[in-house]
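# Survey of secondary and tertiary structure
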Amino acid sequence: MTTKPTEKHIRDAYALARERYAALGVDTDKALETLAQIPISLHCWQGDDVGGFETPGGELGSGMAVTGNYPGKARTADELRADLDKAYSLIPGTHRLSLHSIYAETGGRRVPRNELRPEHFSAWVDWARANHHGVDFNTSCFSHPLAASGFTLASYDKSIRQFWIEHSIACRHIGAHFGRSLGSPCITNHWVPDGFKDIPVDRKTPRLLLKESLDTIFAEKIDPRYNRDAVESKLFGLGSECYVVGSHEFYLGYAVANNVLLTLDSGHFHPTEVISDKLSSVLLYVDEVLLHVSRGVRWDSDHVVILSDELQAIMQEIVRGGFLQRVHIGLDFFDASINRIAAWVIGTRNALRALLLALLEPIDQMRQLEIAGDYTARLALLEELKGMPFGAVWDFYCLQQGVPVGFSFIDDIRTYEAQVLSRRS
Ligand code: RNT
Ligand code: ZN
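The present account deals with the structure reproduced in this document. Quick caveat: nothing in here was measured; it's all calculated off a predicted structure. (Residues numbered from 1 in each chain as written. Chains lettered and ligands numbered in written order. Predicted model: local features only at pLDDT ≥ 70, side-chain atom pairs only at ≥ 80, totals over all residues. Heavy atoms only, no water.)

On to the coordination of the zinc ion (ligand 2). Of the protein atoms, only Glu232 (OE), Asp265 (OD), His292 (ND1) and Asp332 (OD) coordinate the zinc ion (ligand 2), at distances of 2.1 to 2.2 Å. Coordination at the zinc ion (ligand 2) is octahedral: its 6 donor atoms span angles of 70 to 169 degrees at the metal. One chain supplies every donor for the zinc ion (ligand 2), spaced along it as E-x32-D-x26-H-x39-D. With Asp265 in strand β8 (residues 261–265) and His292 in strand β9 (residues 289–293), this pair connects stretches of sequence that are 27 residues apart. For the pair shown, Asp265 and His292 are each scored as buried. (Donors = N, O, S within 2.8 Å, 3.2 Å for Na, K, Ca; no water. Tetrahedral: all angles 85-135°; square planar, octahedral: opposite > 155°, others 65-115°. Helix = DSSP H or I, 4+ residues; strand = E, 2+ residues; numbered from the N terminus. Buried < 20%, exposed > 50% of the residue type's maximum accessible area, 1.4 Å probe, protein only.)

Structure below.
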């Protein structure tokens, strides 16, 4: 067992931290109130390596790969929900769930993806309602015989395009059902893997086809109180190194022209390109953004989120820009080499810690220095902020929210692993 800090220590440390921040003009109580209102959308697919329940042990394809074989992955929807319950219990606040269509529960019947209906998600709705989770949704245009060519909505084969168009439309309706049933708009994300491994001769036609397919998918207007659509770009993937149809320019243009949300996945750009710098630009032209907070490492776009400079920069941009209502924060990473529930917990706690750091900035003072051209003091202040007792505020928040403080959450993970995960063969 890890040694837990006592409640008195946590409260005393918070009282001191509160004073230090107050001296900078920052109200820590208010920051925590704000933080408690911000939902993070946890991605269900970290729990079973993007497997879903369509086919037992189905192969992941279309440029996504999960490495590792840590024991105990969820094999059924009930197991996945139990694992999610455990993860949420170790994360402060009330959060959302991002589901993929391949997590449908069809009672053992094979339902083609273009025939998925809200009733295939009724257990998810009941669970979400009981646990106060809003639900977001994703079309699943991968790991499927009709995606084996590497092309879906941009395929030259009309029947393949048609299948994925129907699937995407079905998903929008399921999304609206989540939104209506749970009283909170569902963000339905559209990502397709379409692209070429090697140098194409025609970059134009697949993009025209993708645009046409999207136009058909979004032709029906759905009340934004129930469903909002988002489109996600990628620079390259495994097997689509030379050309991805749905590039950033493609979807930025599409989102602006068609009033849909833009999804920015932090692992989907050139390794030196960061999404933190994109928010203030794209939010001039699109109403809302969905984030897939992730961590790119070399060629992999989906490592577990750590408290990196870029994660902090993303949250700073959201808070400093006043974008909390316009940016939906979702996660997208998958690691099968460590305990999968811990991966959720570590990544989500980091997203929240970065948000808290951003909420604790003396933003007015920082801005004044910049406007006055005092870049010396700006740099000095930014660097000094890194030494502020932020950890004491975070620990107090965890205490307040009734979740483990600090590293002690690992005890719960270990117990769950011994009692539940190790029994799964
Ligand atoms: C893939 C995209 C996409 C997926 C999930 C599973 O590169 O990031 O968002 O990771 O839909
Ligand atoms: Zn993504």
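The biggest cluster of nonpolar side chains holds 121 residues, and the ones touching the most others in it are Leu99, Trp124, Phe178, Leu291, Met315 and Ile329. In terms of residue count, helix α10 (residues 340–359) provides more of this core than any other element does, 12 residues in total. (Core = buried A, V, L, I, M, F, W, Y, C linked by side-chain atoms within 4.5 Å.)

So, on to unusual backbone geometry. Located in the positive-phi region is Val50, a residue other than glycine, with phi close to 55 degrees. Summarising the element assignment, Val50 is placed in the loop between β1 (40–43) and α3 (77–89). Positive phi, close to 60 degrees, is recorded for His132, a residue that is not glycine. Secondary-structure assignment places His132 in the loop between α4 (122–131) and β3 (135–138).

A few words now on the packing of helix α2 (residues 28–36) against α10. Taken N-terminus to C-terminus, the directions of α2 and α10 make an angle of 140 degrees; their axes are 9 Å apart at the nearest point. Considering the angle they form, α2 stands oblique to α10. Of the two elements, α2 crosses α10, and the hand of that crossing is right-handed. Side by side, α2 and α10 meet where Ala31, Leu32, Thr34 and Leu35 of the first sit next to Leu352, Leu355, Leu356 and Leu359 of the second. A breakdown of the residues in the contact of α2 with α10 according to their chemical character gives 7 nonpolar, 1 polar and no charged. (Axes fitted to C-alpha atoms, helices over the stretch in contact; angles between N-to-C directions. Parallel < 35°, antiparallel > 145°, perpendicular 65-115°, else oblique. Left-handed = near helix turned anticlockwise from the far one by under 90°. Contact = heavy atoms within 4.5 Å. Nonpolar A, V, L, I, M, F, W, Y, C, P; charged D, E, K, R; others polar.)

Another aspect to go through is helix α5 (residues 158–182). For α5, with 25 residues, the first-to-last C-alpha span of 36 Å sits near the 36 Å given by 1.5 Å per residue. Once α5 ends, the next one or two residues include Gly183, with phi positive near 65 degrees. (Expected span 1.5 Å × (residues − 1).)

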